[in-house]
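# Results of the structural survey
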Amino acid sequence: MKNLSLSMLFMLITMTTSYAQHKGNYNQISRQNILHSGNAALYNPTVQQQINKILNPSTTVFIDVKALQNVEATTYTAIFNVSQIGPTADSTNLLINQRIDKIKSQLKSIGITEDDFAVDVISFIPNYEIEVQKKLFSKTYTEVPNGFELQQNLHIQFTKTNQFETVLTACAKSEIYNLVKVDYYIENIAEVYKNLQTQLLKLIEEKKAYYKVLGFDLADYNVAIADDQYCYFPKDFYQSYQAFNSVSFEAIKKKKGVATVKKQTSYYYQPLSYENYDVVVNPSILEPVVQIGMNIRLQYSPKPKEPIPEPLVKTEIKHKYYVVSPNGTIDIKALQTN
């Protein structure tokens, strides 16, 4: 019985651990938020509101379609800030060039050539100190340069994400640690928008056919349109969090607790959610991607009915003709024209 209880306890711990490793640490869920079997009420208010949403019928028909495409970057550009000081202008420039040349030689092995480097000079300024000049009857203070500071941004272009680790290592060996940012670039963005247009037009035709089955022939409606397109890069979607629990190595060494423990701030990539999109191209992603989207909204309003024309009233005029005799007699007779 004891062995059976231990086995069940081990299985329970294993199942709990298996679930937790997929959940992640970015959001701590309290126990009252977890659904249980039985008659427990649905806690999530957003889901409850969507389920009980009241639909309001209207003679105006709206077609809203949204498409999103995840696109891997074709090239990446990492920008590092480099600072160098030296006693003279020539020596300062020589020292920084030696550091950059060392990086270039190390990155040739992974296919990053001389053409994949660019240097953006930010500043080159002298550093001054005060020199005291003593004379017979006076003392003067003069600023003289005692060194120079050169600051540059080093741009390194690469095509595969696994090359970035080698780039970081090469820069660290040259004592370059300040990574400013990494830019993502894609080719033929017009082709991406064209593909999204094709997907949305196909979906619109399907919805128009659906409404026609319901009795709404949209050919009899006036249409208004609004559309939008956008492009987002990974740098726009990094979020931060702090772990709920902290581990203190100091407490392990001293074998006692500590009053305060520093919680590390972590960052993770949170791309656009797919819940509001009708079409998602390349939905499964492994690494940060460029997200390109397009929205189209169509509004169909019934055409105004043409007024029924009133019946025309036809007025008929009957004419009478008379003949007077040449001799002037008053005997006038009417001519019958019918």
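It should be noted that the structure appears before, not after, this text.
Structure report, in brief. Since the structure is predicted, the reported quantities are computational estimates derived from the model, not experimental observations.

The next thing to look at is the overall build of the protein chain. Regarding its fold elements, the protein chain presents 6 helices and 12 strands. Residues classed as buried in the protein chain amount to 22% of the 338 residues present. Partitioning the contacts of the protein chain with sequence separation of at least 6, the portion at a separation of at least 24 is 77%. Summing over all exposed atoms, the protein chain offers an accessible surface of approximately 26300 Å²; the carbon and sulfur share of this is 54%.

On to the nonpolar core. Nonpolar side chains tend to gather and get buried jointly when the protein is soluble and globular. By size, the foremost hydrophobic cluster in this structure holds 43 residues, and its most contacted members are F80, I103, L107, I156, V167 and I292. Elements that contribute at least two residues to this core include exactly strand 1 (61-71), strand 2 (75-86), helix 3 (89-107), strand 4 (139-158), helix 4 (164-173), helix 5 (189-213), strand 9 (279-281) and strand 10 (290-302).

Another aspect to go through is the layout of surface pockets. In this structure, the second largest pocket occupies an estimated 510 Å³ of space. Every residue lining the second largest pocket is counted, 16 residues in all, and those nearest its centre are K53, L55, N56, F62 and Y211. For the lining of the second largest pocket, the leading source of residues is strand 1, giving 3 residues. Taken together, the residues of the lining of the second largest pocket sort by class into 8 nonpolar, 5 polar and 3 charged.

Burial of strand 1 is extensive: 8 of the 11 residues sit out of reach of the surface. Here 11 bridges tie strand 1 to strand 10, and the two strands are oriented antiparallel to one another. Across the sheet, the residue bridging to Q69 is I292, located in strand 10. As paired strands, strand 1 and strand 9 are joined by 3 bridges and run parallel to one another. Opposite Q69, over in strand 9, you have V281 as the bridge partner.

So, about the packing of aromatic side chains. Two aromatic rings, taken as a pair, are described by how far apart their centres are and by the angle between their planes. This structure, assessed with the given rule, holds 9 aromatic pairs. Judged by centre distance (5.9 Å) and plane angle (45°), the ring pair of F124 and F148 falls under tilted. With a gap of 24 residues between them, F124 in strand 3 (residues 117-134) and F148 in strand 4 connect regions that are remote in the sequence. For F148, a relative accessible area of 22% puts it in the partly exposed group. Seen in terms of ring centroids, F158 and F164 are 5.6 Å apart; in terms of plane orientation they differ by 15°. Their pairing is stacked.

Cut-offs applied
- Residues numbered from 1 in each chain as written.
- Predicted model: local features only at pLDDT ≥ 70, side-chain atom pairs only at ≥ 80, totals over all residues.
- Heavy atoms only, no water.
- Helix = DSSP H or I, 4+ residues; strand = E, 2+ residues; numbered from the N terminus.
- Buried < 20%, exposed > 50% of the residue type's maximum accessible area, 1.4 Å probe, protein only.
- Contact = heavy atoms within 4.5 Å.
- Areas by Shrake-Rupley, 256 points an atom, 1.4 Å probe, with all protein chains shown as cover.
- Core = buried A, V, L, I, M, F, W, Y, C linked by side-chain atoms within 4.5 Å.
- 1 Å grid on protein atoms, 1.4 Å probe; cavity = no way out; pocket = protein on both sides within 12 Å on 5 of 7 lines; lining within 4 Å.
- Points joined across faces, edges and corners; volume = space filled by probe spheres on them.
- Nonpolar A, V, L, I, M, F, W, Y, C, P; charged D, E, K, R; others polar.
- Pairing = 2+ DSSP bridges.
- Phe/Tyr/Trp six-rings, centres within 6.5 Å; stacked < 30°, edge-to-face > 60°.

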